[in-house]
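Letter by letter, the chains look like this.
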Amino acid sequence: MATATQAGVAKLASIVGEARVLTDAASCQACAVHGRVPRCVVFAPSAGQAAQVLQCAAEQDLAVIPRRNGTKIETGNPPRRYDVALSLKEMNQVWYYEPDDLVISVEAGMKWGDLQHFLSRRGLWVPLDPPGGDKASVGGCAAAGASGPLRLRYGTLRDMVLGMTMATTEGKVVKTGGRVVKNVAGYDLAKLLIGSWGTLGVITEVTLKLFPRPPQTRTYAAAVASLEEARQLRRRLLESPLAPQRMVLLDSTTARLAGAALFGDERFQVWIEAAGSERVLRRYDAELSGWLPKAHSLGVNESNWASLADYPALWLGAWRGAAVLKASLPVAATETFIGQAEEEARASEARLACIGMTAVGVVRLALAASLPPDRLASLIERLRTQAVQLGGSLIVERCPADVREHVDAWGPPGDDLQMMRRMKQAWDPKGILSPGRFVGGI
Amino acid sequence: MQVPPLVQELIQATNEEAVLWRPEDLMLYEYDALSSRRPPEAVVFPATTQQVAAVVKVAARHHCPVIPRGAGTGLSGGAVALEGGVVVSLARMNQILEIDLENQRARVQPGVVNQDLSLAVADAGYYYAPDPSSQKACTLGGNVAENSGGPHTLAYGVTTNHVLGLEVVLPDGCVIRTGARYWDRPGYDLTGFIVGSEGTLGIVTEIVVRLMRLPEAVKTLLAIYDSVADATATVAAITAHGITPAALEMMDGLMLRAIEAATHAGYPLDAAAVLLIELEGLREAVEEEADSITAVCGAHRARQVRVARRAEERELLWRGRKNAFGAIGRLTPSFYVQDGVIPRTRLPQMLDYIAGVERRYGLRIGNVFHAGDGNLHPLIMFDSRDAQQVRHAVKAAEEIMGKCVELGGSITGEHGVGIEKNELMPLIFSEEDLAVMRKLKQVFNPQNLLNPGKVLPSGKMCGEVRVQVSLGS
């Protein structure tokens, strides 16, 4: 087996060149996924070579996990097997940029921060604040369907991706969509790849819709005494004509970790960020001062939002060994879910922190406890059951290895699992791409 | 007349009133808004998901194609029974099953008419954003199949951006649910894959859609131009200024006069082109955007920028736009509407090109389109009784499509591929791209019994001949 693998590695080197295949222990260790260490790290310099690497790996039956900076690599189940870390680090070019048309095509390995920096020169941006912040890559964000609080106003990558190129395990580079903002020609493969977590193909290029950066932003922070108050506030906001960019409900620990001052003994803070001209912001001043009597800015600014976007670092820095969870729910159930999670945590003597994007139905949680792994796992399962009963789902984004053995990352699949398996089979018949990492064992 | 065995089984799967099979009854179902082909063997009107599944199973036993159909307003032949078979009309599954305002969702059956959903939630201050021009007739199921757009999708996105979950009957009669009532359900986004698949992957029997809050303020502007080039340059400039109106439509002089005669919308008869611009949102933002847009229009030599003062005036301006395809009957016995997309910066170049095509073939071409997203609808006018004109119309359309592709665009922005453009798919997709699409289609539709002959090129007949057959009939 070892020799067969060595021969496989040699073949990969013949595709990308020997300098682009690393087999030393330190490099392989750096690409470990849930403790599994690959046999080599391969750097693909182009989509064509990425496709050849996949084809070769499929022929040699080598399991591949695509990656860039690994900001989200811990999400998902441990791979059933893992031979090749396929790095897209070298693929970081802009291939097409038409600022007047608000369209850009970039290689998947481009870092999110670099993309935004590039666009800022013309006052443009992609209005998405993904987990992992600037270090996340465009391809990684697409593969993970990553999004942050900005989705309240702008939606997610699902709404912004106009086209995509991907490498398949058959060794082909396949294109879907295009470079225009409206297009219904052919099946929309980009939808399948977004949120597929590297299990169907390797995203090599992404074409995105661009937006002008708003002239000004202003964040209003206020103390929120109870979840009932938070619910009223969320309803009021969604029923109002106001369309803020972001709104989050934070427990006081998270607010403090993100650098905000506290009002005093509040249970929660709400941050609402409005964007627009001075005149538009004055309207927000007037409306929100009526709703949030105790509101003031607390000096919450872009840097606080940025630390919030990198919430795993924020929480894990304070609570080592915490589990980081994401619940997706109907909007109306978000506060209820937070309340139930608090009760469960209290009953298990666990500490709970939360970032509730309550107006879009996403609640991120950190759960820290000095519990045995199986008991922490069963606490996670109880939270999952509650999310499911409220009509939603819950995934485990981060957790200690010994906990992960007891809990699935994704939760129970639906009655479309059979079709998902057949999709996987069509894209990756040998099962070499991120095997076992996704929903239902895919 | 003897009832054929297929029909007997279809009646068993549903009931006597749900099946049409006599030739005179089938004639209505041999065409959609693109073309007329041949009548199906039968038309079935199931009332429930279970009946849809039962019908699909009957058809599968007879190895008979199944063609799902909404209101038949599609413009690319997606509901035409190309190879005969059973048309499954979803027209009787027209219930709004649930309206959930706090979660901004509705759950509907596929036969619900697009506009009826918006009307049902309007009093509560909500609406469903995608608004195809046929929204008074077209169904949400058809919208899902075609991933339909409309004027107001510029700011809010097309159908796929508003659909969260589906119930789907697969060609083997299995029923699955995809997506959810919330975004981000873990798993492959089969909902996103099925939306826009033109009825080739499954029959959608239930849809969860997003509802949106009606805006606080709406302003509709009509910018009037003495030259087409100035109007198109304005569109590019509005985009480059980063202003995204809710809608940004263009109509040229030829279309204006036809529409005015039909609708009396108050359009200027002597203009070379107008832009119909709608701004929505917070009062303050709308006012500021109106000022910036008026300035941009002025800088590009707009003769006048009119602002609709009352709701009736707005409504009238829009009625003109939405009835444009109907109004063209005053100008020509037949027309062929295209649906190309180009990068918005290339609009001036493209409109010049279309004018050249018009001169070259001696056919009039009207332009009424979604300028803000570069989605063109050139209407090529011809007389279907004149074989040469038919040929020229098809040639003209192909040249316009070719130019769209050359400028980095697409062959369809919202009307779908259907049987109209499937042979043109190689213009924008490689054989490898198409091979993957074929393979994924097989995952859902392995026997190719569901809506055969649509979307993907068959290679059997060149596109030109196929389109001529449909236009000329």
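Nothing here was measured: the structure is a model prediction, and the numbers come from that model.

### Points about the overall build of chain B
Stage number 1. Within chain B one finds 16 helices and 18 strands.
Stage number 2. A globule of 473 residues ought to have a C-alpha radius of gyration of about 23 Å, and chain B, at 22 Å, matches this closely.
Stage number 3. When its C-alpha atoms are laid out on the principal axes, chain B stretches across 70 × 60 × 45 Å.
Stage number 4. Buried residues in chain B amount to 62% of all 473 residues.
Stage number 5. Pairs at least 24 residues apart make up 72% of the contacts formed inside chain B by residues separated by at least 6 positions.
Stage number 6. Within chain B, one finds 44 positive and 55 negative side-chain charges whose respective centroids are separated by 2 Å.

### With respect to the overall build of chain A
Stage number 1. Secondary structure assignment for chain A yields 17 helices and 18 strands.
Stage number 2. For 442 residues, the compact-globule estimate of 2.2 N^0.38 gives 22 Å, and the C-alpha radius of gyration of chain A, at 22 Å, lies within 12% of that figure.
Stage number 3. Dimensions of chain A, computed from C-alpha atoms along their principal axes, come out at roughly 70 × 55 × 40 Å.
Stage number 4. Burial status across chain A gives 62% buried among its 442 residues.
Stage number 5. Across chain A, 51 positive and 44 negative side-chain charges occur, with their mean positions spaced 2 Å apart.

### With respect to the sheet that holds strand 12 (residues 216-224) of chain A
Strands pair in a sheet through their backbones, by hydrogen bonds, and they do so in one of two ways: parallel or antiparallel.
Residues and elements named next belong to chain A.
Stage number 1. If you trace the seven strands from one edge of the open sheet to the other, you get 12-14-13-16-17-15-18, paired in antiparallel fashion. Of all the strands in the sheet, just strand 12 and strand 18 (393-398) have a single pairing partner and so form its edges. Each strand axis lies, on average, 20° off the axis of its neighbour in the sheet, ignoring direction.
Stage number 2. The pairing of strand 15 (residues 323-328) with strand 18 spans five bridges and is antiparallel. When the bridges of strand 18 are listed, Lys-326 appears paired with Ile-395.
Stage number 3. Helix 11 (residues 278-291) rests against strand 12 and strand 14 (268-276) of the sheet, and its axis sits at about 10° to strand 12.

### Overview of the interface of chain A and chain B
Stage number 1. Of the residues lining the interface, 71 residues belong to chain A; the matching set on chain B comes to 79 residues.
Stage number 2. Summing both sides of the interface, chain A and chain B together bury roughly 6,300 Å²; the carbon and sulfur share of this comes to 57%.
Stage number 3. Considering only the side of chain A, the residues that lose the most area to chain B are Lys182(A), Val184(A) and Tyr187(A), jointly responsible for 16% of the buried surface there.
Stage number 4. Where chain A packs against chain B, one counts 14 salt bridges.

### A look at the pairing of strand 14 (residues 273-281) of chain B
Residue and element names in this part refer to chain B.
Stage number 1. Summarising burial for strand 14: nine of the nine residues are buried, a large majority.
Stage number 2. By the alternation rule, side chains of strand 14 split into Ala-273, Leu-275, Ile-277, Leu-279 and Gly-281 and Val-274, Leu-276, Glu-278 and Glu-280, which are all buried.
Stage number 3. Relative to strand 14, strand 13 (residues 247-252) is paired through six bridges, and the arrangement is antiparallel. Opposite Asp-252, over in strand 14, you have Ala-273 as the bridge partner.

### Regarding the packing of aromatic side chains
Any two aromatic rings considered together are summarised by their centre-to-centre distance and by the angle between their planes.
Stage number 1. In this structure the tally under the stated criterion is twelve aromatic pairs over all chains.
Stage number 2. Relative to Tyr154(A), the ring of Trp125(A) has its centre 5.7 Å away and its plane inclined at 80°; by these criteria the two rings are edge-to-face. Taken together, the positions of Trp125(A) in strand 7 (residues 124-125) and Tyr154(A) in helix 6 (residues 151-154) put the pair 29 residues apart, joining distant regions of the chain. Across this residue pair, the class does not change: Trp125(A) and Tyr154(A) are buried.
Stage number 3. With 6.0 Å between their ring centres and 40° between their planes, Phe193(B) and Phe444(B) make a pair best called tilted. Of this pair, Phe193(B) sits in helix 7 (residues 190-194) while Phe444(B) is found in helix 15 (residues 431-444), placing the two residues 251 residues apart along the sequence.
Stage number 4. Given the relative accessible area of 2%, Phe444(B) is considered buried.

### Some thoughts on the domain arrangement of chain A
Residue and element names in this part refer to chain A.
Stage number 1. What the domain assignment reports for chain A is domain 1 (2-89 + 436-441), domain 2 (94-212), domain 3 (216-309) and domain 4 (311-404).
Stage number 2. Every contact between the two is made by 19 residues of domain 3 and, on the other side, 22 residues of domain 4.
Stage number 3. Regarding the contact of domain 3 and domain 4, the summed buried area is about 1,600 Å², with carbon and sulfur atoms giving 60% of it.
Stage number 4. A per-residue breakdown of the area domain 3 buries against domain 4 is headed by Arg-234, Leu-249 and Leu-257, which together make up 31% of the total.
Stage number 5. Between the two partners, domain 3 and domain 4, sit three salt bridges.

### Observations concerning the packing of helix 1 (residues 5-13) of chain B against helix 3 (residues 49-61) of chain B
All names here are of chain B.
Stage number 1. Their axes nearest at 9 Å, the elements helix 1 and helix 3 cross at an angle of 160°. As summarised for this structure, helix 1 and helix 3 are arranged roughly antiparallel, according to the angle between their axes. The hand of the helix 1/helix 3 crossing is right-handed. Of the residues in helix 3, those touching helix 1 at Leu-6, Glu-9, Leu-10 and Ala-13 are Gln-51, Ala-54, Val-55, Val-58 and Arg-61.
Stage number 2. Split by residue class, the contact of helix 1 with helix 3 holds six nonpolar, one polar and two charged.

### A short note on the environment of Ser289(A)
Residues and elements named next belong to chain A.
Stage number 1. Mapped onto the fold, Ser-289 is located in helix 11.
Stage number 2. By relative accessible area, which is 47% here, Ser-289 ends up partly exposed.
Stage number 3. Placed 107 residues apart in sequence, Ser-289 and Val-396 show a C-alpha to C-alpha distance of 37 Å.

### Looking at the domain arrangement of chain B
How large an interface is tends to be reported as the accessible area lost when its parts come together.
All names here are of chain B.
Stage number 1. On domain assignment, one finds that chain B holds domain 1 (5-89), domain 2 (96-213), domain 3 (216-323) and domain 4 (332-413 + 427-442 + 452-473).
Stage number 2. For domain 2 and domain 3, the distance between their C-alpha centres works out to 29 Å.
Stage number 3. Each side of the interface is counted separately: domain 2 has ten residues, and domain 3 has eleven residues.
Stage number 4. Interface area, domain 2 with domain 3, both sides summed: about 840 Å², of which 51% is carbon and sulfur.
Stage number 5. Where domain 2 meets domain 3, there are one salt bridge.
Stage number 6. Salt-bridge contacts for Lys-322 lead to Asp-131; the nearest nitrogen and oxygen are separated by 3.2 Å.
Stage number 7. Connecting domain 2 to domain 3 are four residue pairs in polar contact (both at pLDDT 80 or more).

What counts and what doesn't
- Residues numbered from 1 in each chain as written.
- Chains lettered and ligands numbered in written order.
- Predicted model: local features only at pLDDT ≥ 70, side-chain atom pairs only at ≥ 80, totals over all residues.
- Heavy atoms only, no water.
- Helix = DSSP H or I, 4+ residues; strand = E, 2+ residues; numbered from the N terminus.
- Rg over C-alpha atoms; globule rule 2.2 N^0.38 Å.
- Buried < 20%, exposed > 50% of the residue type's maximum accessible area, 1.4 Å probe, protein only.
- Contact = heavy atoms within 4.5 Å.
- Lys, Arg positive; Asp, Glu negative; His and termini not counted.
- Charge placed at Lys NZ, Arg CZ, Asp CG, Glu CD.
- Pairing = 2+ DSSP bridges.
- Axes fitted to C-alpha atoms, helices over the stretch in contact; angles between N-to-C directions.
- Buried area = accessible area lost by both parts, 1.4 Å probe.
- Salt bridge = Lys/Arg side-chain N within 4 Å of Asp/Glu carboxyl O.
- Phe/Tyr/Trp six-rings, centres within 6.5 Å; stacked < 30°, edge-to-face > 60°.
- Domains from an automatic or database assignment.
- Parallel < 35°, antiparallel > 145°, perpendicular 65-115°, else oblique.
- Left-handed = near helix turned anticlockwise from the far one by under 90°.
- Nonpolar A, V, L, I, M, F, W, Y, C, P; charged D, E, K, R; others polar.
- Polar contact = N/O pair within 3.5 Å; in protein donor to acceptor, adjacent residues only side chain to side chain.

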